[in-house]
Amino acid sequence: MFASVLSASILGMEVCPIQVEADVSDGLPSFTMVGYPSAQVKEAQDRVRTALRNNGISLPPKRVTVNFVPADIKKEGAGFDIPVAAAVLSAAGILHPSLLEGVMLAGEISLNGEIYPVPGILARVIKARELKCRYCMVPYGNLQEARLVKDMPVIGVKDLKELIRYLKNPEDFHKENPDRPSPKETENAWKTRVDFLDIHGQEGAKRACEIAVSGFHNILFIGPPGAGKTMLAKRLPTIMPQLTFEESLELTRIYSIAGLLSADSPLICQRPYRSPHHTSSAQAMAGGGRIPGPGEVTLAHRGVLFLDEMPEFSRRSLEILRQPMEDKVIQLSRASGTFTFPAGFMLAAAMNPCPCGFFPDMNRCRCTPGEVSHYLGKISNPLLDRIDLCTEVSPVSFQQMNGAPEGEPSDTIRERVERTRQIQLERYQKENICFNGELSGRQIQKYCGVTEEGNRLLEQAFRKMELSGRAYHRILKVARTIADMEQEDKIHVSHISQALSYRAFDKKYWV
Ligand SMILES: [Zn+2]
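Residues numbered from 1 in each chain as written. Predicted model: local features only at pLDDT ≥ 70, side-chain atom pairs only at ≥ 80, totals over all residues. Heavy atoms only, no water.

- As annotated in an unreviewed UniProt entry, the protein carries the name YifB family Mg chelatase-like AAA ATPase and is attributed to Blautia ammoniilytica.

Pasting the structure below:
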């Protein structure tokens, strides 16, 4: 007998529907799998057969053939166990073929018949909705995640027995599991964690953080060890605008494919903060594997990618950031095709100004000028060119620590950021950008009107600081954000001079 059931394979961020066919016919008892399964998928035959036997179901001593359609896509992952089991059961006459019509299945099976969660469920269920499936059957551990998709019934199964029972009577599942409330759509999960309130002093650096977040500008913190660079960077997500539900879903899909979701509260409600170690390989940054999965640049999408000790990263790991910083996506080419992942992150980086950390304080710095320039030279000019703001962070003195009033809470700062974001959203309605940080050269001309006095200052600075064209654009973008923070339509001279102050560093350090 022949049977067929729908499943899906994850290719990068895309989902490809896969039909799993099974045939049980007379002949020497055997179990074969064809249709380009990977070694891991092939193991399903042993898992499925053993799990069936351990649950008291013995397959007839016949020839069992399983085929995956289309055959030109390599099938990866353990998610094919349940569809294979269901197709075989149906071909063996245990389940009526009509029960499998319009059902999408995915899940891994253990030898005793338990069903384990698999990555990428959210994307599969969305695909099932597109394909107008009747319902989806997923591992119980993925149920909350699958429920995030509206208008698509899902059934969660814990073991093989439930799989058979619920396939026969899907109604039973809904009777036994009255709908739990779906995960909250918005919640401030970071509330209990870090806050700008904890940072005393550092007013200049905090102001730079607020500007950076308001316009989604890349930011570099430079200063001696222990000055609080990491502390500042860690708090950046706490002042970023709240995610919309669509953005949350988009992030959840990425983390689902990466297999990083929690079973109970799968919806990602806070902006990501990724801080890969400086030993991270270029592959870990970009996304690795034969069929690549999300790398750090993708996991930081819509949030912060923080590089601590930036010069310690390998050249390749740093240079790989250039393309996604420009395009907001990363493209990975493999023999099996080109994969595109979202990578709209805000880069925050921290570094010491020299190997010992105390340059330009010549009383304490023990480095030779050669060592300093070699160290700074590890950051290439094109990369430096993509960083909009640089702020010096100096250690807080005892008086500042002791007498300083508490810092401003993150919530208050975020309210201001949301207001500035709103201005940008309205202004860029017709462009496909959301933030000043994303302005292109042509858009800068259009949206960054400067007063006459401001223009004079710009001209002076351009000559005196010998700015590059790119640096000039960056100054205008940052000035645009500062003007927006003050709800000014035109960019005034004060906005320009502030923006210039965040630029002065490359003259100070990178001579
Ligand atoms: Zn030094």
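More follows now that the structure is in view.
**Some thoughts on the nonpolar core**
(1) Moving on: Core analysis: the largest hydrophobic core is formed by 118 residues, its most contacted members being M137, L220, L307, L321 and W510.
(2) Moving on: For this core, the element with the highest residue contribution is helix α3 (residues 81–91), accounting for eight residues.
(3) Moving on: Two domains each put at least three residues into this core: domain 1 (2–176) and domain 2 (196–438).
(4) Moving on: With near-sequence residues (within four places) excluded, L321 lies in contact with M285, V297, L305, L307, F345 and L347.
(5) Moving on: Listed in part, the 51 residues of the second largest apolar core include V213, V393, A479 and L500. (Core = buried A, V, L, I, M, F, W, Y, C linked by side-chain atoms within 4.5 Å. Buried < 20%, exposed > 50% of the residue type's maximum accessible area, 1.4 Å probe, protein only. Helix = DSSP H or I, 4+ residues; strand = E, 2+ residues; numbered from the N terminus. Domains from an automatic or database assignment. Contact = heavy atoms within 4.5 Å.)

**Quick notes on the UniProt feature "domain: Mg chelatase-related protein C-terminal" (unreviewed entry) in the protein**
(1) Moving on: The positions UniProt marks with the feature "domain: Mg chelatase-related protein C-terminal" (unreviewed entry) are residues 407–503.
(2) Moving on: Note that residues 407–503 is 66% helix and 0% strand, and that its end C-alpha atoms are spaced 26 Å apart. (UniProt positions renumbered as here; feature names shortened; annotations may be inferred.)

**As for the coordination of the zinc ion**
(1) Moving on: Only C354 (SG), C356 (SG), C365 (SG) and C367 (SG) from the protein coordinate the zinc ion, and they sit 2.2 to 2.4 Å from it.
(2) Moving on: Its four donor atoms give the zinc ion angles of 106 to 111° at the centre, a pattern that matches the tetrahedral case.
(3) Moving on: Each donor residue of the zinc ion belongs to the same chain, and together they define the spacing C-x1-C-x8-C-x1-C. As far as burial versus exposure is concerned, C365 and C367 are alike and both buried. (Donors = N, O, S within 2.8 Å, 3.2 Å for Na, K, Ca; no water. Tetrahedral: all angles 85-135°; square planar, octahedral: opposite > 155°, others 65-115°.)

**A closer look at the environment of N67**
(1) Moving on: Turning to its location among the elements, N67 is positioned in strand β4 (residues 63–69).
(2) Moving on: Here N67 falls in the partly exposed class, since its relative accessible area comes to 24%.
(3) Moving on: Sequence spacing of N67 and L232 is 165 residues, and the spatial spacing of their C-alpha atoms is 54 Å.
(4) Moving on: If we ignore the near neighbours within four places in the chain, the residues touching N67 are Q19, V20, E21, V34 and G35.

**Remarks on helix α15 (residues 369–376)**
(1) Moving on: Taken as a whole, α15 has its buried residues at V372, Y375 and L376. One face of α15 carries all of its buried residues, which in axial projection span an arc of 95°.
(2) Moving on: Its buried side turned inward, α15 meets β15 (346–351). (Arc of directions from axis to C-beta.)

**Section: the domain arrangement of the protein**
(1) Moving on: For the protein, the assigned domains are domain 1 (2–176) and domain 2 (196–438).
(2) Moving on: If you look at the interface, domain 1 gives 19 residues, while domain 2 gives 20 residues.
(3) Moving on: With both chains or domains summed, domain 1 and domain 2 bury close to 1,600 Å², and 69% of this area falls on carbon and sulfur atoms.
(4) Moving on: Where domain 1 touches domain 2, the interface holds five residue pairs in polar contact (both at pLDDT 80 or more).
(5) Moving on: Listing elements by their share of the side of domain 1 that touches domain 2, those giving two or more residues are β1 (2–11), β2 (14–25), α4 (121–130) and α5 (143–146).
(6) Moving on: Among the elements that make up the side of domain 1 that touches domain 2, the one with the highest residue count is α4 (four residues).
(7) Moving on: Of the residues contributing to the side of domain 1 that touches domain 2, the split by class is ten nonpolar, four polar and five charged. (Buried area = accessible area lost by both parts, 1.4 Å probe. Polar contact = N/O pair within 3.5 Å; in protein donor to acceptor, adjacent residues only side chain to side chain. Nonpolar A, V, L, I, M, F, W, Y, C, P; charged D, E, K, R; others polar.)

**Quick word on the environment of R235**
(1) Moving on: Structurally, R235 is set in the loop between α9 (229–234) and α10 (245–257).
(2) Moving on: When the C-alpha atoms of R235 and I423 are compared, they prove to be 23 Å apart, with 188 residues separating the residues in sequence.
(3) Moving on: Those residues in contact with R235, other than ones at most four positions away along the chain, are V194, D195, F196, D198 and I199.
(4) Moving on: Side-chain polar atoms of R235 contact the backbone oxygen of D195, separated by 2.7 Å.
(5) Moving on: In terms of polar contacts, R235 uses its side chain to reach the side chain of D198, at 2.9 Å.

**As for unusual backbone geometry**
Both trends apply: most residues other than glycine have a negative phi, and most peptide bonds are in trans.
(1) Moving on: Residue V69 is joined to P70 through a cis peptide bond whose omega torsion reads 0°.
(2) Moving on: As for its placement among the helices and strands, P70 is situated in the loop between β4 and α3.
(3) Moving on: Cis geometry is found at the peptide bond from F359 to P360, where omega equals 0°.
(4) Moving on: Structurally, P360 is set in the loop between β15 and α15.
(5) Moving on: Unusually for a residue other than glycine, D151 sits at a positive phi of about 60°.
(6) Moving on: Positionally, D151 belongs in the loop between α5 and β9 (154–157).
(7) Moving on: Within the chain, F216 stands out as a residue other than glycine whose phi angle is a positive 55°.

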